[in-house]
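An overview of the molecular structure
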Amino acid sequence: MLKRRYAAALAAVFLIAALTACGGREDRTIRVGVALYRQDDTFITSLAQSLQQMVPEEEQVQGVKINLNVVDGRGSQTVQNEQVDQFLDRGYDVICVNIVDRTAAAVIIDKAQAAGVPVVFFNREPVEEDLNRWEYAYYVGTRADEAGRIEGGLVLDAWRAEPSALDRSGDGILQYVMLEGEPGHQDALLRTEHSVRTLTAAGVPMEKLSNHAADWQRGPARLRMQRWLEELGDAIEVVFANNDDMALGAIDACLDAGLEKEEMPFIVGVDATAPALKALEEGTLQGTVFNDAPGQARGILNLSCALALGQDPEDTNLLENGKYIWLEHIAVTRQNLEEFLPEEP
Ligand code: BGC
């Protein structure tokens with residue numbers, strides 16, 4: 001008798017749990033706050049757009065309503081901290097943070113932990129020590145060194161195919177300039193290091209003529225390249241840019257100086273943004289590295305939903321080392337460009 005009553009009670013518990021998990025889900029709204037470091041960054045804009053486009057399909061799959069609130073930190077950590085506070089005060093289920101200053105991650109993690117709200121960082125990677133402060137802190141992104149190696153590989157392949165096309169001075173050394181992203185950003189540091197190292201490790205003699213942090217932006221990169229063209233002129237054989245916007249800035253400067261595409265240095269970037277793919281097609285950009293914005297958006301959304309619905313993301317095979325979702329880079333040249341062009345509407 002006692003056993004029976006126990007069994008009935010247990011069944012009731014399961015029934016309630018099942019109703020909350022399924023029936024109750026139909027009208028449930030998940031609230032996800034997304035804090036961008038800057039909305040006017042070309043790559044970040046494309047990532048945020050992908051996120052927004054994926055919401056209706058994800059709502060269908062999960063059987064919930066997803067309320068995605070995207071805010072712009074305008075490059076200020078103070079502004080972003082206030083935005084995070086607002087998300088937490090308003091009882092958001094998950095916060096996704098493209099942190100302005102990577103060294104400020106601990107502050108955000110501690111706030112999220114105090115409020116009991118999981119936090120998913122993306123694109124701007126906190127150090128592991130910070131992520132390890134709390135069980136419910138995660139990172140979605142790409143491996144910065146990998147992008148550098150692939151970018152270096154684009155130049156290496158061209159050098160191996162026809163060294164004289166790159167080494168215009170014929171001195172057997174590749175003279176290059178480096179356009180860098182924001183100092184302290186993992187992608188700026190590691191892309192810079194590994195792009196060049198890929199060539200030197202393969203035995204290509206390299207000489208750095210100059211480097212400059214243009215903070216990921218086209219305008220400042222254009223100005224710097226104008227100066228380099230005046231000071232160094234033909235001596236520049238390769239332009240490494242940590243991202244496509246800065247590579248496009250270098251191309252702008254070459255065009256301003258009246259250079260034909262055959263006269264331009266060998267210019268490479270990272271991201272495979274729409275304008276960069278166009279430049280690749282036109283022949284002014286020589287290669288780029290696909291930085292999977294839709295893949296990162298998908299990872300952020302899947303992880304956010306799992307966390308908001310109280311599922312263990314470990315069970316859904318989403319994570320590596322319990323904390324990370326990594327997307328892979330791909331080299332993009334004129335040979336495989338077609339695969340990356342947006343589909344015609
Ligand atoms: C992208 C850049 C972007 C930066 C922002 C990098 O991964 O390649 O284009 O400006 O992230 O954090």
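Presented here is an overview of the structure given in this document. (Residues numbered from 1 in each chain as written. Predicted model: local features only at pLDDT ≥ 70, side-chain atom pairs only at ≥ 80, totals over all residues. Heavy atoms only, no water.)

What follows concerns the pattern of salt bridges. Throughout the structure, instances matching the rule amount to 17 salt bridges. Measuring nitrogen to oxygen at the nearest pair gives 2.8 Å for the salt bridge that ties Arg133 to Asp110. Of this pair, Arg133 sits in the loop between helix 5 (128–131) and strand 5 (137–142) while Asp110 sits in helix 4 (residues 105–115), placing them 23 residues apart in sequence. For Arg133, a relative accessible area of 42% puts it in the partly exposed group. Among the ionic pairs, Arg191 bridges to Asp187, the shortest N-O distance being 3.3 Å. In this pair, Arg191 and Asp187 are both assigned in helix 8 (residues 186–201), four residues apart and thus about one turn of the helix distant. Grouping residues by exposure puts Arg191 and Asp187 together as buried. (Salt bridge = Lys/Arg side-chain N within 4 Å of Asp/Glu carboxyl O. Helix = DSSP H or I, 4+ residues; strand = E, 2+ residues; numbered from the N terminus. Buried < 20%, exposed > 50% of the residue type's maximum accessible area, 1.4 Å probe, protein only.)

What follows deals with the environment of Asn123. By secondary structure assignment, the location of Asn123 is in the loop between strand 4 (119–122) and helix 5. As for Asn123 and Ile236, which are separated by 113 residues in sequence, their C-alpha atoms are 31 Å apart. Setting aside its immediate chain neighbours within four residues, Asn123 contacts Phe43, Ile44, Asn98, Tyr139, Val140, His185, Gln186 and Asp187. (Contact = heavy atoms within 4.5 Å.)

Moving on: the packing of aromatic side chains. Within the structure shown, the criterion is met by seven aromatic pairs. When the ring of Tyr139 is compared with that of Trp326, the centres are 5.8 Å apart and the planes differ by 65°; the resulting orientation is edge-to-face. Of this pair, Tyr139 sits in strand 5 while Trp326 sits in strand 11 (residues 324–327); the two residues are 187 residues apart in sequence, bridging distant segments of the chain. Look at Phe290 and Phe340: their rings are 5.1 Å apart centre to centre, the planes differ by 55°, and that puts the pair in the tilted class. Here Phe290 is found in strand 10 (residues 288–290), whereas its partner Phe340 is found in the segment after strand 12 (330–332), with 50 residues between them in sequence. Taking relative accessible area as the criterion, Phe340 reaches 15% and is therefore assigned buried. For the cation-ring pair, Lys323 lies above Tyr138, with the distance from its terminal atom to the ring centre recorded as 5.8 Å. (Phe/Tyr/Trp six-rings, centres within 6.5 Å; stacked < 30°, edge-to-face > 60°. Lys NZ or Arg CZ within 6 Å of the ring centre and 35° of its normal.)

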